[in-house]
Amino acid sequence: MKHTDIKCLLTSDEFLGKEVTLCGWVRTSRESKTMAFAELNDGTSLKHIQIVIDRENTEYPATALRLGTALKVVGQVVEARQGGVEINAKSIEILGECPPEYPLQKKRHTLEYLRTMPHLRVRTNTFNAVFRVRSVMAGAIHNYFQSRNYTYVNPPLITGSDCEGAGEMFRVTTQPFAHEYKNEEEYYANDFFGKKAGLSVSAQLEGEVAAMAFGKIYTFGPSFRAENSNTPRHVAEFWHVEPEVAFADLSDIIEIAEDMIKSIIGEVMEKCPEELKFFEQHFEKGLIDKLNSIVSEDFEVLDYTKAIEILKESGKEFVYPVEWGCDLQTEHERYITEEVFKKPVFVTNYPMDIKSFYMKQNPDGKTVAATDLLVPGVGEIIGCSEREADLEKLLDAMKKRGMNEEDYADYLDLRRFGSVPHSGFGLGFERIIMYVTGISNIRDVILYPRTVGSIR
Ligand code: 4AD
Ligand code: MG
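Residues numbered from 1 in each chain as written. Chains lettered and ligands numbered in written order. Predicted model: local features only at pLDDT ≥ 70, side-chain atom pairs only at ≥ 80, totals over all residues. Heavy atoms only, no water.

Caption draft 1: Summary view of the pairing of strand β4 (residues 70-79). With respect to burial, β4 is a largely interior element, 7 of its 10 residues being buried. Inspection of the sheet shows strand β1 (residues 19-31) paired to β4 by 7 bridges, in the antiparallel sense. Paired with Cys 23 across the two strands is Lys 72, which belongs to β4. In sequence, β4 turns back onto strand β5 (residues 85-96) through a hairpin of 5 residues, with Gly 83 there showing a positive phi of about 95 degrees. (Buried < 20%, exposed > 50% of the residue type's maximum accessible area, 1.4 Å probe, protein only. Helix = DSSP H or I, 4+ residues; strand = E, 2+ residues; numbered from the N terminus. Pairing = 2+ DSSP bridges.)

Caption draft 2: Inspection of helix α6 (residues 204-214) at higher detail. Those residues of α6 that fall on the buried side of the exposure criterion are Gln 204, Leu 205, Gly 207, Glu 208, Ala 210 and Ala 211. Contacts made by the buried residues of α6 are with β9 (216-224), β10 (237-246), α13 (409-413) and β15 (422-428). Positive backbone phi, at 80 degrees, marks Gly 215, one or two positions downstream of α6. (Contact = heavy atoms within 4.5 Å.)

Caption draft 3: Empty space enclosed by the protein, seen in detail. A full pass over the atoms with the stated rule returns 1 cavity of 30 Å³ or more. Quantified by volume, the largest cavity comes out at close to 30 Å³. Forming the boundary of the largest cavity are Ala 203, Gln 204, Gly 207, Ile 217, Thr 219, Glu 242, Pro 243, Glu 244, Arg 387 and Phe 425. Elements supplying a minimum of two residues to the lining of the largest cavity: α6, β9 and β10. Its residues assigned to classes, the lining of the largest cavity comprises 4 nonpolar, 3 polar and 3 charged. (1 Å grid on protein atoms, 1.4 Å probe; cavity = no way out; pocket = protein on both sides within 12 Å on 5 of 7 lines; lining within 4 Å. Points joined across faces, edges and corners; volume = space filled by probe spheres on them. Nonpolar A, V, L, I, M, F, W, Y, C, P; charged D, E, K, R; others polar.)

Caption draft 4: Highlighting the sheet that holds strand β14 (residues 379-386). If you trace the 8 strands from one edge of the open sheet to the other, you get β6-β9-β10-β15-β14-β13-β12-β11, paired in mixed fashion. Only two strands of the sheet have a single partner each, and these edge strands are β6 (151-152) and β11 (300-303). Sheet topology note: the β9/β10 ladder contains 9 bridges and is antiparallel. When the sheet's bridge partners are listed, Gly 221 is paired in β10 with His 240. Docked against the sheet, helix α4 (residues 125-146) engages β6, β9 and β10, running at close to 150 degrees with respect to β9. (Axes fitted to C-alpha atoms, helices over the stretch in contact; angles between N-to-C directions.)

Caption draft 5: Inspection of the pairing of β9 at higher detail. Here β9 lies mainly inside the structure; 8 of its 9 residues are buried. Sheet topology note: the β6/β9 ladder contains 2 bridges and is parallel. When the bridges of β9 are listed, Thr 151 appears paired with Ile 217.

Caption draft 6: Local environment of the sheet that holds β4. The strand order around the closed barrel formed by 5 strands is β1-β2-β3-β5-β4, and the pairing between neighbours is mixed. Averaged over all pairs of adjacent strands, the angle between strand axes in this sheet comes to 55 degrees, irrespective of strand direction.

Caption draft 7: Layout of a nonpolar patch on the surface. On the surface, Leu 157, Ile 158, Phe 192 and Phe 193 cluster together into a nonpolar patch covering about 400 Å² of accessible area. Checked against the element boundaries, Phe 192 lands in the loop between α5 (184-189) and β8 (198-199). Residue classification places Phe 192 among the exposed positions, given a relative accessible area of 61%. (Patch = residues over 30% accessible without salt bridge, like charges linked within 9 Å, V, L, I, M, F, W, Y side chains within 5 Å. Areas by Shrake-Rupley, 256 points an atom, 1.4 Å probe, with all protein chains shown as cover. Salt bridge = Lys/Arg side-chain N within 4 Å of Asp/Glu carboxyl O.)

Caption draft 8: Seen up close, the site of ligand 1. For ligand 1, the set of nearby residues contains 24 residues, the closest of which are Glu 164, Gln 204, Arg 225, Glu 242 and Glu 380. At a separation of 3.3 Å, a nitrogen atom of ligand 1 approaches a polar side-chain atom of Tyr 358. The separation between an oxygen atom of ligand 1 and a polar main-chain atom of Ile 382 is 3.4 Å. Within the complex, the protein chains bury 93% of what would otherwise be the 630 Å² of accessible surface of ligand 1. (Near = heavy atom within 4 Å. Polar contact = N/O pair within 3.5 Å; in protein donor to acceptor, adjacent residues only side chain to side chain.)

Caption draft 9: A look at the nonpolar core. Within the largest apolar cluster, 90 residues are counted, with the highest numbers of intra-cluster contacts made by Leu 22, Ile 51, Met 137, Ile 261, Leu 427 and Ile 432. Here this core takes 12 residues from α4, the largest share from any one element. Beyond its immediate sequence surroundings of up to four residues, Leu 22 is in contact with His 3, Thr 4, Ile 6, Leu 9, Leu 40, Ile 49, Ile 51, Leu 71, Lys 72, Val 73 and Ile 87. Among the nonpolar cores identified, the runner-up in size contains 19 residues, and Val 201, Ala 397, Tyr 408 and Tyr 411 belong to it. (Core = buried A, V, L, I, M, F, W, Y, C linked by side-chain atoms within 4.5 Å.)

What follows is the structure, given as structure tokens:
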């Protein structure tokens, strides 16, 4: 069906005075005795276009202007009295009827209510804006890496090794339940892959393989975590951006992470001004100022040990008490980013015992060259580290965690054959979209959220 995108009609002069065909869904409408008006949206822009109907001279079906109805309109593009353009309708055809019980009525629905209808909520202004920002940001991520000699690689989603070692892997199996197996090993040996398999929690290990050949790589795809955390920041299936860079130490990768965040936010600001204005109005006052300072000011870099000192001296009563060696909880992260620094903070050099096996061990014997990027309102958006390039130290860390060397044979080979210092990070794509839009629940920035006890 040949037609013109509403975005083009609204943003280009070339259509003025011309007859065009457009398609879309009715978002609002009103009829008087002689005139009728409908706002049409086809999803290409946040703004709707107004269709003006001279009722005395234009025939149209009685149900055409009901909310949610899909229409094809032919008409002339004219200047609107309030500025911009509108369409003087010549003919109106219903493509899809929409009865009055359509759940999206004119009033503003809460995000919680809209979550009960993931198949319809995408037709609201909020989700129109969220998913355009998401799409533009995905493009910006590719642009960032592609223009800097990174190779985009596609790692497997089904894997035999748990990268984070946190026991949060979903199992992948074709095995029916059976009592006859003597032990787990025998059970898995009979399974599709002949061993235990699961959905990848991170592409890092395969990313490191690729980086040892292509130097700079990135992956951008889903990761899966069977975490039993019912929070506004966790989903079981999230999109993960994971660059891996050879010949880079922790300070190099911190620089890259900061530069990437600034660049992709800058691109969204340039390409989605309407959407950001909408979020500023409805979700986070001061959003645009916040984004401006993110792109123009340096992020903070704070040693973990110093962070613990700050927390202890804060005089705050935290639910989780603070001691050197403890993992930072949401309340601690919020205090540091929202009350102390009021900007993104890289917390560096965490205690070895609370972090993953692959992180480079610092000379102090207690900490690792790792960093989390914490931001106000969301918390951790990036997990990052320099990798342990020394085979002996890596084996030692695995032994301490009771890991099976055989499962990581390929990974260990990387330390035998031309090992180099290298670093990488994982950015939670939904988390940064929350940060940029001011939407406070991760379930509202992904098409179909997967969370504990909920799937549809
Ligand atoms: O900190 P994480 O666990 O780090 C890794 O997986 C590393 N292997 C990454 C790497 O170095 N290549 O996860 C990275 C980021 C987190 O900072 C967070 O933003 C996001 O992934 N993330 C989640 N996002 C949504 N829901 C979840 N359940 C998430 N778990 C992690
Ligand atoms: Mg982390």
